[in-house]
Amino acid sequence: MKTKEIIKPLIIVLTSALFFVVSVVSAFLLFEKEEDNSVEIGFVRVKAEVYFDGVLFSETTPNELGVVEINISDVSADNYFNNFSVKIVVESNVDTYFRVAVYEQFTLSYDVGDETIVISVTQDEFAPFDYNNAFFDNRIEDDYFYYTNKVKRTSETEALELEFINEYEDTYPLYDSRYSINIGFVVEAVQALGGPLYNWGLENPPWDELSSW
């Protein structure tokens, strides 16, 4: 069966902006010796991981747009809304600030002959994902959630894992099976020392503009 897609502005953006659920901005700190050899003394690396019912979502099975489809019609489906959660994994070995852009789009699919038509559906509000309140929601201003503390990995062999979206505990309204939610994430991480200013153009943290990084 062929699939024909009508204009979906947000999802088109996702196609070019997202690679699965992770896009990591890595910054490397280099110490330059007199003989011009560069030695890596630190790195910044943060990624997002998607789970359904506590099981890591396979990177080999995203849809053709590189985003994750969430079922909102069948409570028994593995990828049902209430089973969805996201962790942020910090592998940096230097102090790091990071922010996360969440791209979500309600879609409606229907068949016309041998073609499946997929269109976007306008929503007045964001989907009610259970975000960790340690993240500052600045989506109205610049589309990002900011983690409000400096972070780095737990040890040389163990990354730091942070809950970003918890499984939804309330009753989510059921939709017709033709509806679903497509979601993707862009994670941007920078060195805590000077990174937010030089990479994001932010002199002060969005969650407290009277303080400094």
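Residues numbered from 1 in each chain as written. Predicted model: local features only at pLDDT ≥ 70, side-chain atom pairs only at ≥ 80, totals over all residues. Heavy atoms only, no water.

1. Observations regarding the pattern of salt bridges
So, step 1. Under the criterion given, the structure shown has seven salt bridges.
So, step 2. E91 is paired through a salt bridge with R45; the nearest N and O atoms lie 3.8 Å apart. Here the residue E91 occupies a position in the loop between β8 (84–90) and β9 (96–112), and R45 occupies one in the loop between β4 (38–43) and β5 (46–52), the gap between them amounting to 46 residues.
So, step 3. With relative accessibility at 23%, the residue E91 sits in the partly exposed group.
So, step 4. Here R45 falls in the partly exposed class, since its relative accessible area comes to 31%.
So, step 5. E49 is paired through a salt bridge with K47; the nearest N and O atoms lie 3.8 Å apart.
So, step 6. The class of K47 is partly exposed, set by a relative accessible area of 28%. (Salt bridge = Lys/Arg side-chain N within 4 Å of Asp/Glu carboxyl O. Helix = DSSP H or I, 4+ residues; strand = E, 2+ residues; numbered from the N terminus. Buried < 20%, exposed > 50% of the residue type's maximum accessible area, 1.4 Å probe, protein only.)

2. Digging into the environment of E69
So, step 1. Secondary-structure assignment places E69 in strand β7 (residues 68–71).
So, step 2. Residues E69 and S180, 111 residues apart in the sequence, show an inter-C-alpha distance of 6.8 Å.
So, step 3. At 3.4 Å, the side chain of E69 and the side chain of S180 are in polar contact. (Polar contact = N/O pair within 3.5 Å; in protein donor to acceptor, adjacent residues only side chain to side chain.)

3. Here's the deal with the sheet that holds β5
Within a sheet, each strand pairs with its neighbour through backbone hydrogen bonds, oriented either parallel or antiparallel.
So, step 1. Read from one edge of the open sheet, five strands run β6-β5-β8-β14-β11, paired in antiparallel fashion. At either margin of the open sheet sits one strand with a lone partner, and together these are β6 (55–56) and β11 (130–131). (Pairing = 2+ DSSP bridges.)

4. Digging into the packing of aromatic side chains
So, step 1. For the structure on display, the rule yields 26 aromatic pairs.
So, step 2. Pairing Y97 with W213 gives two aromatic rings, centres 4.8 Å apart and planes at 70 degrees, and the pair type is edge-to-face. Of this pair, Y97 sits in strand β9 while W213 is found in the segment after α3 (195–200), placing the two residues 116 residues apart along the sequence.
So, step 3. The cationic tip of K87 hangs over the ring face of Y51; the distance from NZ or CZ to the ring centre is 5.0 Å.
So, step 4. Between the NZ or CZ atom of R139 and the centre of the ring of F126, over which it lies, the distance is 3.8 Å. (Phe/Tyr/Trp six-rings, centres within 6.5 Å; stacked < 30°, edge-to-face > 60°. Lys NZ or Arg CZ within 6 Å of the ring centre and 35° of its normal.)

5. Quick notes on the pairing of strand β14 (residues 160–166)
So, step 1. The pairing of β8 with β14 spans five bridges and is classified as antiparallel. Bridge pairing links V86 to I165 in β14.

6. Notes on the confidence of the model for the chain
So, step 1. Averaged over every residue, the pLDDT of the chain is 83; the share at 70 or more is 77%.
So, step 2. In the predicted structure, residues 1–34 sits below a pLDDT of 50 and forms 96 contacts with residues beyond four places in sequence or in another chain.
So, step 3. Predicted confidence is poor over residues 60–65, with pLDDT under 50, and the contacts of this stretch with residues over four places away or in other chains come to 10 contacts. (pLDDT = per-residue confidence, 0-100. Contact = heavy atoms within 4.5 Å.)

7. As for the side chain of R139
So, step 1. Position of R139 among the secondary structure elements: in helix α2 (residues 139–142).
So, step 2. A distance of 2.8 Å separates polar atoms of two side chains, one belonging to R139 and the other to D137.
So, step 3. The residues contacting R139, other than those within four sequence positions of it, are E104, F126, Y131, Y144 and F145.

8. Considerations on the environment of S109
So, step 1. Its location among the elements puts S109 in strand β9.
So, step 2. Among all residues touching S109, those that are not within four sequence positions of it are T116, I117, V118 and R178.

9. Digging into the nonpolar core
Nonpolar side chains tend to gather and get buried jointly when the protein is soluble and globular.
So, step 1. Formed by 38 residues in total, the largest nonpolar core has its most connected members in F81, F84, I88, F98, F129, F164 and F185.
So, step 2. Elements supplying a minimum of two residues to this core: β5, β7, β8, β9, β13 (144–147), β14 and β15 (179–191).
So, step 3. Ranked by the residues each element gives to this core, the list is headed by β15, at five residues.
So, step 4. What F84 contacts, discounting residues up to four positions off in sequence, is V50, Y51, F52, I70, F129, I165, N166, E167, Y168, I183 and F185.
So, step 5. Counting residues in each nonpolar core, the second largest holds nine residues, with Y103, Y146, A192 and W200 among its members. (Core = buried A, V, L, I, M, F, W, Y, C linked by side-chain atoms within 4.5 Å.)

10. Describing the pairing of β13
So, step 1. Side chains Y144 and Y146 of β13 all project onto a buried face; the interleaved residues F145 and Y147 project onto the opposite face, where all are buried too.
So, step 2. In the sheet, β9 pairs with β13 via three bridges, with the strands oriented antiparallel. Its bridge partner lying in β13, R99 is registered against Y146.
So, step 3. When strand β12 (residues 135–138) meets β13, the two strands line up antiparallel, connected through four bridges. Directly across from D137, in β13, lies its bridge partner F145.

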